[in-house]
Amino acid sequence: MDEVKIGEILMPGDEQAQARQEARVRRSFWPTLKKAVRHIPFSRDLVAAYYCAMDPQTPTRVRGVLLAALGYFVLPLDFLPDMFVMVGFTDDVAVLAAAFRMIQAHIKDEHYQAADRAMTEDPAIDPSARPAAG
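Residues numbered from 1 in each chain as written. Predicted model: local features only at pLDDT ≥ 70, side-chain atom pairs only at ≥ 80, totals over all residues. Heavy atoms only, no water.

### Quick word on the overall build of the protein chain
Put simply, the rule is: The helix count covers DSSP runs of H or I at least four residues long, the strand count covers runs of E at least two residues long, and both are numbered beginning at the N terminus. Here's how the labels work: a residue is buried when its accessible area is under 20% of the maximum for its type, exposed when over 50%, partly exposed in between, all with a 1.4 Å probe on protein chains only. We call two residues in contact when some of their heavy atoms are within 4.5 Å. Throughout, the Shrake-Rupley method with a 1.4 Å probe supplies accessible areas, and for residues the shown protein chains are the sole cover considered.
On a plain count of helices and strands, the protein chain comes out with 6 helices and 0 strands. For the protein chain, the N- to C-terminal ordering of α and β elements is α-α-α-α-α-α. Going through the 134 residues of the protein chain one by one, you find that 46% of them count as buried. Of all intrachain contacts in the protein chain linking residues separated by at least 6 positions in sequence, the fraction that spans at least 24 positions is 66%. For the protein chain, the accessible area works out to roughly 7,400 Å², and carbon and sulfur atoms hold 57% of it.

### Side note on the packing of helix α2 (residues 15–36) against helix α4 (residues 60–74)
This is how it is decided: As a rule, the C-alpha atoms of each element are fitted with a line to give its axis, helices using only the stretch in contact, and angles between N-to-C directions run from 0 to 180 degrees. The scheme is simple: roughly parallel for angles under 35 degrees, roughly antiparallel for over 145, roughly perpendicular for 65 to 115, oblique for anything else. By definition, turning the near helix anticlockwise from the far helix through less than a right angle yields a left-handed crossing, and turning it clockwise yields a right-handed one. Residues were grouped as follows: Ala, Val, Leu, Ile, Met, Phe, Trp, Tyr, Cys and Pro as nonpolar; Asp, Glu, Lys and Arg as charged; and all remaining residues, including Gly, as polar.
At a minimum axis distance of 8 Å, the contact between α2 and α4 shows a crossing angle of 45 degrees. One element, α2, and the other, α4, form an angle in the oblique class. Where α2 crosses over α4, the handedness of that crossing is left-handed. Every residue of α4 that contacts α2 at Q18, Q21, E22, R24, V25, S28, F29, T32, L33 and A36 is listed here: T60, R63, G64, L67, A68, L70, G71, F73 and V74. The class makeup of the residues in the contact of α2 with α4 is 9 nonpolar, 7 polar and 3 charged.

### Considering the environment of L96
Relative to the helices and strands, L96 is located in helix α5 (residues 90–103). The spatial distance from the C-alpha of L96 to the C-alpha of A49 is 9.3 Å, given a sequence separation of 47 residues. In contact with L96, not counting residues within four places along its chain, are I40, F42, L46, A69, L70 and F73.

### Describing the environment of Y50
Here Y50 is to be found in helix α3 (residues 43–54). Separated by 61 residues in the primary sequence, Y50 and H111 place their C-alpha atoms 8.3 Å from one another. When sequence neighbours within four positions are dropped, the list of residues in contact with Y50 reads V25, R26, F29, W30 and L70.

### Details of α4
Rule in force here: The span one expects for a helix is its residue count, reduced by one, times 1.5 Å.
In this model α4 runs 20 Å from its N-terminal to its C-terminal C-alpha over 15 residues, within 8% of the 21 Å that 1.5 Å per residue would give. Buried residues dominate α4, accounting for 13 of its 15 residues.

### Side note on the side chain of D55
So the rule is basically this: In this tally, Asp and Glu contribute negative charge and Lys and Arg positive charge; neither His nor the terminal groups of the chain are included. Between Lys or Arg on one side and Asp or Glu on the other, a salt bridge is scored when a side-chain nitrogen of the former is within 4 Å of a carboxyl oxygen of the latter. Within 3.5 Å is the distance limit for a polar contact, defined as a pair of N or O atoms, with the added protein rule that one can donate a hydrogen and the other accept it, and that residues adjacent in sequence qualify only through two side-chain atoms.
Locating D55 in the fold gives a position in the loop between α3 and α4. Here D55 is buried and forms no salt bridge, its nearest opposite-charge partner K108 lying at an N-O distance of 4.6 Å. Side chain to side chain, D55 and H111 meet in a polar contact 2.8 Å long.

What follows is the structure in structure tokens.
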């Protein structure tokens with residue numbers, strides 16, 4: 001996956017685009033994560049990025065980049081369909097890794113703490129009831 005394609009995916013977008021991405025990410029993040037958790041070597045970072053993206057104190061541009069990357073992660077159809085077991089999440093990992101490099105300093109300890117709590121909770125708990133960052 002080349003840098004131009006990843007750069008296009010990670011465009012933060014305007015407020016309307018971010019609102020649409022946030023709704024999509026909120027709706028699809030946890031079910032997609034459950035399918036992908038064994039295939040993504042940095043699941044804790046991914047969940048922390050989710051909490052960072054949902055944190056209203058995160059700068060708008062950073063939220064936009066994260067929402068774009070997380071939106072790509074939750075899309076059912078992407079460059080390499082996720083149904084291909086070993087390679088299906090490869091493009092998602094590339095996009096997420098690029099996003100993390102761009103915004104890593106904005107993912108705070110409280111986002112990681114929320115990620116740790118969410119990842120250790122009973123999986124039957126409704127994701128909307130999971131602890132919020134901050």
